[in-house]
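# Structure assessment
Take a look at the letters that make up each chain.
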Amino acid sequence: MKSGPTRPPGPMARAAIALLAALFVPIIVGQLEHSKSYWLLAVFGVLALLSRRNMKQPLFALAFALPFLQFGSTREMYMITPGLEVCLLAFFLLWFAWALQGRAALPDAGLVDGSVLLFLAVATSSALAASTARVWTEGATLSDFRLDAIVFRNPPLALLFPLRQLFIFLEAFLLFGFVRANLTRDDVETLALTLLGSAVVVMGLGALFFVVADNSRYFQGVNRAMSVFSGPNQFGTYLLLILPLAVGVALTARSRMTRGVAIVSAVGGAVMLYLSRSEGALLGALIAPLLYAVFFRPAKTRWARTSRLLIGAAMVGVACLGGFLLATWSPEQLNTTSDGRYFLFRAALNMLQHSPLFGVGLGNFFQDLGGFYPHGISGRVAHEQAHNMFLQVFAELGPLGLVAFALPLGLLLVRAARAPDLSPLGQALVVGILAALVHSLTDYTLWISSLALFFWMYVGALAVMLDAPGEREPRHEPSLTPTCEPVMPR
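Just so it is clear, the model here is predicted, and its values are computed rather than measured.

Next up on the list: unusual backbone geometry. Of note in this structure, glutamine 220 is not a glycine but carries a positive phi near 55°. Among the secondary structure elements, glutamine 220 is positioned in the loop between α8 (185–212) and α9 (232–252). Take glutamine 220: its relative accessible area is 77%, and that puts it in the exposed class.

Time to look at the pattern of salt bridges. A complete count under the given rule lists 8 salt bridges for this structure. Residues aspartate 187 and lysine 56 are paired through a salt bridge, measuring 2.7 Å at the closest nitrogen-oxygen approach. Of this pair, aspartate 187 sits in helix α8 while lysine 56 sits in helix α3 (residues 56–65), placing them 131 residues apart in sequence. A relative accessible area of 10% means that lysine 56 is categorised as buried. For arginine 164, the salt bridge identified is with glutamate 85, shortest N-O distance 2.9 Å. Of the two residues, arginine 164 sits in helix α7 (residues 161–182) while glutamate 85 sits in helix α4 (residues 82–100), which places them 79 residues apart along the sequence. Sharing partners across several salt bridges, the network here consists of Asp113, Arg180, Arg415 and Asp467.

Here the focus is a nonpolar patch on the surface. A cluster of nonpolar side chains, namely Leu208, Phe209, Val211 and Val212, defines an oily patch on the protein surface of about 390 Å² accessible area. With respect to the secondary-structure elements, phenylalanine 209 resides in helix α8. On the accessibility criterion, phenylalanine 209 (31% relative accessible area) is partly exposed.

Attention now moves to the packing of aromatic side chains. Going through the model one piece at a time under the given rule, you end up with 25 aromatic pairs. Centre to centre, the rings of phenylalanine 92 and tryptophan 95 are 6.2 Å apart; their planes meet at 55°, and the pair counts as tilted. Of this pair, phenylalanine 92 and tryptophan 95 both sit in helix α4, 3 residues apart, roughly one helical turn. Among the residues examined, phenylalanine 92 registers a relative accessible area of 0% and is labelled buried. An angle of 20° between the planes, with centres 6.3 Å apart, marks the rings of phenylalanine 169 and phenylalanine 173 as stacked. You can see phenylalanine 169 and its partner phenylalanine 173 sitting in helix α7, 4 residues apart, about one turn around the helix. For the pair formed by phenylalanine 169 and phenylalanine 173, the shared burial category is buried. Residue placement shows arginine 103 over the ring face of tryptophan 98; its charged tip is 4.1 Å from the ring centre. Over the face of the ring belonging to tyrosine 274 we find arginine 277, whose NZ or CZ atom lies 4.7 Å from the ring centre.

Right, let's get into the confidence of the model for the protein. Considering every residue of the protein, the mean pLDDT works out to 85; 88% of them sit at 70 or more. A low-confidence stretch, residues 471–490 (pLDDT under 50), is modelled with 33 contacts involving residues beyond four sequence positions or located in other chains.

A few words on the nonpolar core. Counting residues in each nonpolar core, the largest one holds 127 residues, and the members touching the most others are Phe92, Tyr238 and Phe455. Excluding residues within four positions of it along the chain, phenylalanine 455 makes contact with Leu241, Leu409, Ile433, Ala436, Leu437 and Leu446. By size, the runner-up hydrophobic cluster in this structure holds 13 residues, among which are Ala347, Met351, Tyr373 and Ala395.

One can describe the packing of helix α14 (residues 341–354) onto helix α16 (residues 389–418) by two numbers: an axis separation of 8 Å at closest approach and a directional angle of 20°. In terms of orientation, α14 lies roughly parallel with respect to α16. In this structure, α14 crosses over α16, and the sense of that crossing is left-handed. In this structure, α14 contributes Phe345, Ala348, Leu349, Met351 and Leu352 to the contact, and α16 contributes Leu391, Phe394, Ala395 and Gly398. Grouping the constituent residues of the contact of α14 with α16 by class yields 8 nonpolar, 1 polar and no charged.

Attention now moves to the layout of surface pockets. Leftover empty space is mapped by rolling, across the atoms, a probe with the size of a water molecule. As a volume, the second largest pocket reaches approximately 1,600 Å³. Lining the second largest pocket are 47 residues, and of these Ala16, Leu20, Pro107, Leu117 and Leu174 lie nearest its centre. Going through the elements one at a time, α1 (11–35), α4, α5 (111–138), α6 (147–152) and α7 are the ones with two or more residues in the lining of the second largest pocket. Counting residues per element, the lining of the second largest pocket draws most heavily on α7, which supplies 10 residues.

Relative to the assigned elements, serine 440 resides in the loop between α17 (424–439) and α18 (449–467). Not counting the four nearest positions on each side in its chain, serine 440 is found in contact with His387, Asn388, Met389, Phe390 and Leu446.

Turning to α18, a few remarks are in order. Here α18 spans 27 Å end to end across 19 residues, near enough to the 27 Å set by a 1.5 Å rise per residue. Within α18, 18 of the 19 residues are buried, which leaves it mostly tucked inside the rest of the structure.

All told, the structure shown has 4 cavities of 30 Å³ or more when counted by the stated rule. Estimated volume of the second largest cavity: approximately 70 Å³. What lines the second largest cavity is simply Ile168, Phe169, Met389, Val393, Phe405, Leu446, Trp447, Ala452, Phe455 and Trp456. Looking at the lining of the second largest cavity, the elements with two or more residues in it are α7, α16 and α18. Residue composition of the lining of the second largest cavity, by class: 10 nonpolar, no polar and no charged.

Cut-offs applied
- Residues numbered from 1 in each chain as written.
- Predicted model: local features only at pLDDT ≥ 70, side-chain atom pairs only at ≥ 80, totals over all residues.
- Heavy atoms only, no water.
- Helix = DSSP H or I, 4+ residues; strand = E, 2+ residues; numbered from the N terminus.
- Buried < 20%, exposed > 50% of the residue type's maximum accessible area, 1.4 Å probe, protein only.
- Salt bridge = Lys/Arg side-chain N within 4 Å of Asp/Glu carboxyl O.
- Patch = residues over 30% accessible without salt bridge, like charges linked within 9 Å, V, L, I, M, F, W, Y side chains within 5 Å.
- Areas by Shrake-Rupley, 256 points an atom, 1.4 Å probe, with all protein chains shown as cover.
- Phe/Tyr/Trp six-rings, centres within 6.5 Å; stacked < 30°, edge-to-face > 60°.
- Lys NZ or Arg CZ within 6 Å of the ring centre and 35° of its normal.
- pLDDT = per-residue confidence, 0-100.
- Contact = heavy atoms within 4.5 Å.
- Core = buried A, V, L, I, M, F, W, Y, C linked by side-chain atoms within 4.5 Å.
- Axes fitted to C-alpha atoms, helices over the stretch in contact; angles between N-to-C directions.
- Parallel < 35°, antiparallel > 145°, perpendicular 65-115°, else oblique.
- Left-handed = near helix turned anticlockwise from the far one by under 90°.
- Nonpolar A, V, L, I, M, F, W, Y, C, P; charged D, E, K, R; others polar.
- 1 Å grid on protein atoms, 1.4 Å probe; cavity = no way out; pocket = protein on both sides within 12 Å on 5 of 7 lines; lining within 4 Å.
- Points joined across faces, edges and corners; volume = space filled by probe spheres on them.
- Expected span 1.5 Å × (residues − 1).

Here it is, written out as structure tokens:
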């Protein structure tokens, strides 16, 4: 993979692989039996054929197809994408098989990977406790304890949804671990080109659906672009990740075709972002480049460092002034201005006051929301997400859960800020991650499995770029096909 064969995993790694395989195989088999989607067997066969050389080609195939494998999710189960996730589980099983032979790498036991494991430990204990409490409260019996039903047929109000929510994190972190352990800097360039090629198709479908399918009745009379995603805000998060990548590739491309794909993705992405009418995504698109310019650009002169401090102080001052002005408004005005998010944020803080150490339990915000609204509020829905990823993690998992969740992101972003010569592709990954995080202050799109996978794939790619030596220009033009170069005799 990164540098040829790797050592076979040790006993603890083998035990973890056996546990995950014992979990994934029944889920795949059960879902195929339930859904009768036997066409997925052909997808598994393609992945197996692509993996004969190495596991990178199956990853590129999945990355290209990821947006299109979301089809089949219903409005009640919009956070769950069975087709995509079953294919991903098959990919993980292939990865484990290669790792046992020493032909694929497993994640290292570093600080970033340790913080990921810490979060999974916190989330697992919380999900088990929350599910047990739901079953106990309802007096239910688990007569049909099927793993595939828990993973793919548990909507947010189901008894075992906390375990389903845990599974989203498990899938995303496994994908992050694979990317970081097995890809090289050149592979990240190939992955970027693959994602942009897929984005061109996604945007074309988005333009087609926007013209032929008017969804204004769902969005207060406004037709909003959604493409293959379940909502315009989800599409907006996807575009936030794609747009910086397109700009970064366009600036460094050495062939007309690559530059053309990047330019089409950049222009089409900007148009689609506007047509999505996602205010949170537009906010992320505006703030992320500013954050990068202030905190991630090398400050090699005293004037540059002083300017950075002044701009940072100005941003903090504006935020404080805005908070003061908003605090003078009535709660109803704040709620109307924020499209109902203010009361959701208040409810999250009330949950934290109710259970300050461990939170209300993973996956319980949606179920318990109605009991934590500010007093005197009427006409609100009883079940909704927090529309702020960090507040929801804080409310559900408490301070330790929030720290464990933010730690791997913070560690990698700090490294990126200190990197002296981050390549344009690395810079594009940083801006995309920052934009998605800014959007997550006003939405919950990264709770949805497909976008969580996209996001953590990007985080893994950034880790690869930071680990790679010589962060300057690409060593060669990314290509999906192997090339042969003549070797000149000495």
